[in-house]
Amino acid sequence: MTPNNSKQSQLSWLNNIALSLGSLQLMYDFNRETINKSLGYDKSERNNSGYMIGYLLSKNSHNFQANFRFDDNSAYGKFNTGNIGYSYQLNNQWNISALYGTAFRAPNFMDLFYPGYWDSGIYYAQSNPNLKPEESKNFEVSLKYQKDNDGNFSITAYNNKIKNLISNRPIDPTDTFSDYIADNINNAEINGLQFSANKFLGHFLFKGNLTIQSAENTETNKKLNLRASHFGNLGMNYYIGDWNMGVESIGSGSKYQDSNNAFKIPGYVLINLVADYRLNNELKFNVRLENLLNKNYSLAYDGQPGIS
C-alpha cells in the first residue's frame with residue numbers, strides 16, 4: 001500500500017504597533033498542505049491565507065481586546081471570524097472577564113482522505129472526502145481570584161455553538177461491530193462550567209480542577225460521542241529543598257462511543273505518583289508512576305464495544 005503521507009508548510013508574520021492609547025496587531029499566516037499525488041486523490045494540495053488585525057488596550061483596571069480575521073481557503077472559500085473580550089480588575093485579587101468569538105476549522109487531509117485502520121487494537125475511523133469545515137460561535141465569562149503566589153481560584157462558564165462539527169458515526173448503525181466514518185453534525189452545542197483552584201499550606205500545594213458540561217447534537221438531542229459530562233483532577237505536592245513529591249488523581253465520567261448513544265464507555269479514576277529533583281537551575285530529574293492501582297479503563301472502543 002502506498003504511504004498516505006501529508007505535509008504542511010507554514011509561514012507567519014506578526015507586527016505590533018504601539019499607539020498613543022493601546023496597541024495594534026497585524027498578522028499574516030500562510031499554510032500549504034499536500035498529500036501523495038500517487039494516491040489518486042482529486043486534490044493533492046490546498047492553501048490557506050489568513051489576515052488578522054487586532055487592537056489591545058490596558059488602562060488602569062480595564063483590559064480590552066478585539067480581533068478580526070479573514071481566511072481565504074483554496075478548498076472551502078472565504079471566512080470572516082473574530083473575537084472581542086473585556087476584563088475588569090475589581091481589586092488586587094479579583095478579576096472578572098467576558099469573551100465572545102467566532103471560528104472556523106477546515107478538515108485536514110487526514111480527516112478527508114486517510115483510510116480507516118487498526119493500531120494497537122484501536123480502530124481509527126475512516127475519513128470522508130465530503131466533510132465540510134466546522135464553524136463555531138463561542139461565549140464565556142470568568143471570575144478569577146489571585147493572591148500573590150499563595151493561591152488562586154477561577155470559575156468559567158461557557159457556551160459553544162458549532163455548525164458541521166466533525167465527529168465519528170457508525171457506517172451501519174444497525175451493526176454492533178460496524179466500523180466508523182468521520183462525518184459532520186449539523187448543529188451541536190456545548191455548555192459548561194470549569195472550576196480551578198490551588199493553595200499553598202506550608203510545604204504543601206493542593207490543586208484541582210473540575211469541568212461539568214452538557215454536549216449535545218441539538219437536532220437529535222443525543223449526547224456528542226466521546227465527551228464526558230464531567231472530568232477533572234486533584235493533586236497534592238510536597239516541596240522540600242530541591243525535592244517535589246506528589247500524588248494526583250485523574251477522573252472522568254462515562255461517555256458514549258457512538259453518536260446514537262447505544263454504547264457507553266464507563267468512567268474511571270486513576271492515581272499517579274510523581275517526584276522530581278532539581279539538580280541545578282537548568283536540569284531537573286523527574287519520575288512518574290502512572291495508574292498506581294492498575295485500573296482498567298477505556299478512552300475509546302475498537303469498533304467492538306460489547307457494552308450497551
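To start, this report covers the structure provided alongside it.

Rules used throughout
Residues numbered from 1 in each chain as written. Predicted model: local features only at pLDDT ≥ 70, side-chain atom pairs only at ≥ 80, totals over all residues. Heavy atoms only, no water. 1 Å grid on protein atoms, 1.4 Å probe; cavity = no way out; pocket = protein on both sides within 12 Å on 5 of 7 lines; lining within 4 Å. Points joined across faces, edges and corners; volume = space filled by probe spheres on them. Helix = DSSP H or I, 4+ residues; strand = E, 2+ residues; numbered from the N terminus. Phe/Tyr/Trp six-rings, centres within 6.5 Å; stacked < 30°, edge-to-face > 60°. Buried < 20%, exposed > 50% of the residue type's maximum accessible area, 1.4 Å probe, protein only. Pairing = 2+ DSSP bridges. Polar contact = N/O pair within 3.5 Å; in protein donor to acceptor, adjacent residues only side chain to side chain. Core = buried A, V, L, I, M, F, W, Y, C linked by side-chain atoms within 4.5 Å. Contact = heavy atoms within 4.5 Å. Salt bridge = Lys/Arg side-chain N within 4 Å of Asp/Glu carboxyl O. Patch = residues over 30% accessible without salt bridge, like charges linked within 9 Å, V, L, I, M, F, W, Y side chains within 5 Å. Areas by Shrake-Rupley, 256 points an atom, 1.4 Å probe, with all protein chains shown as cover.

For the rest of this paragraph, the subject is the layout of surface pockets. Its boundaries defined by the atoms lining it, the second largest pocket holds a volume of some 400 Å³. Taken together, 23 residues make up the lining of the second largest pocket; nearest its centre are Asp29, Asn48, Arg69, Asp71 and Phe104. Here the lining of the second largest pocket gets 5 residues from one element, more than from any other, and that element is strand β4 (residues 62-73).

Tallied over the full model, the rule gives 10 aromatic pairs. Considering the side-chain rings of Phe79 and Phe104, the 4.1 Å spacing of their centres and the 5 degrees angle between planes classify their relative orientation as stacked. Here the residue Phe79 occupies a position in strand β5 (residues 77-89), and Phe104 occupies one in strand β6 (residues 94-105), the gap between them amounting to 25 residues. In this pair, the class of Phe79 matches that of Phe104, namely buried. With a centroid separation of 6.2 Å and an interplanar angle of 25 degrees, the aromatic rings of Phe204 and Phe206 are classed as stacked. A residue is classified by how much of its surface remains accessible, and Phe204, at 32% relative accessible area, is partly exposed.

The next subject is the pairing of β4. Bridge count for strand β3 (residues 45-59) against β4 is 12 bridges, and the pairing is antiparallel. Note that in β4 the partner of Lys59 across the bridge is His62. Between the end of β3 and the start of β4, which pair antiparallel, lie 2 residues, with Asn60 showing a positive phi angle near 55 degrees. Summarising the sheet, β4 and β5 pair through 12 bridges and their orientation is antiparallel. Along β5, the bridge assignment pairs Phe70 with Asn80. Taking the residues that link successive antiparallel strands as the turn, the β4-β5 hairpin has 3 residues.

Looking now at the side chain of Asn48. Here Asn48 shows up in strand β3. Separated by 2.9 Å, the side chains of Asn48 and Asp71 make a polar contact.

Now for unusual backbone geometry. Here the phi dihedral of Asn60 falls at roughly 55 degrees; this positive angle occurs in a residue that is not glycine. Here Asn294, not a glycine, exhibits a phi torsion of approximately 55 degrees, which is positive. Position of Asn294 among the secondary structure elements: in the segment after β19 (284-289). Residue Asn294 is classed as exposed on the basis of its relative accessible area, which comes to 62%.

For the rest of this paragraph, the subject is the nonpolar core. If you look at the biggest cluster of nonpolar residues, it comprises 8 residues: Tyr158, Ile162, Leu165, Ile185, Ala188, Ile190, Ala215 and Leu224. Listed by contribution, the elements that provide at least two residues to this core are β10 (151-170) and β11 (180-201). In this structure Ala215 touches Glu189, Ile190, Lys222, Lys223, Leu224 and Arg227, once residues within four positions along its chain are discounted. Ile35, Phe109, Leu131 and Ile166 belong to the second largest nonpolar core, which has 7 residues in total.

Here we take up the environment of Ile96. When you line up the elements, Ile96 lands in strand β6. Considering only alpha carbons, one finds Ile96 and Val141, 45 residues apart in sequence, at a separation of 7.6 Å. Contact partners of Ile96, with chain neighbours within four places excluded, come to Tyr86, Ser87, Tyr88, Leu90, Ser142 and Leu143.

Right, let's get into the pattern of salt bridges. Applying the stated criterion to the full structure yields 9 salt bridges. Across the pair Lys199 and Asp150 runs a salt bridge whose closest N-O atoms are separated by 2.5 Å. Linking Lys199 in strand β11 with Asp150 in the loop between β9 (134-147) and β10, this pair joins segments that are 49 residues apart in sequence. Under the relative-accessibility criterion, Lys199 is labelled partly exposed at 36%. A salt bridge links Arg288 to Glu290, with the shortest nitrogen-to-oxygen separation between them at 2.8 Å. Given a relative accessible area of 39%, Arg288 falls into the partly exposed group. On the accessibility criterion, Glu290 (46% relative accessible area) is partly exposed.

This paragraph deals with a nonpolar patch on the surface. On the surface, a cluster of nonpolar side chains totalling about 750 Å² of accessible area is made up of Leu201, Phe204, Phe206, Met236, Val247, Leu273, Leu289, Leu292 and Leu293. Take Leu292: it is sitting in the segment after β19.

By themselves these figures say nothing about function.
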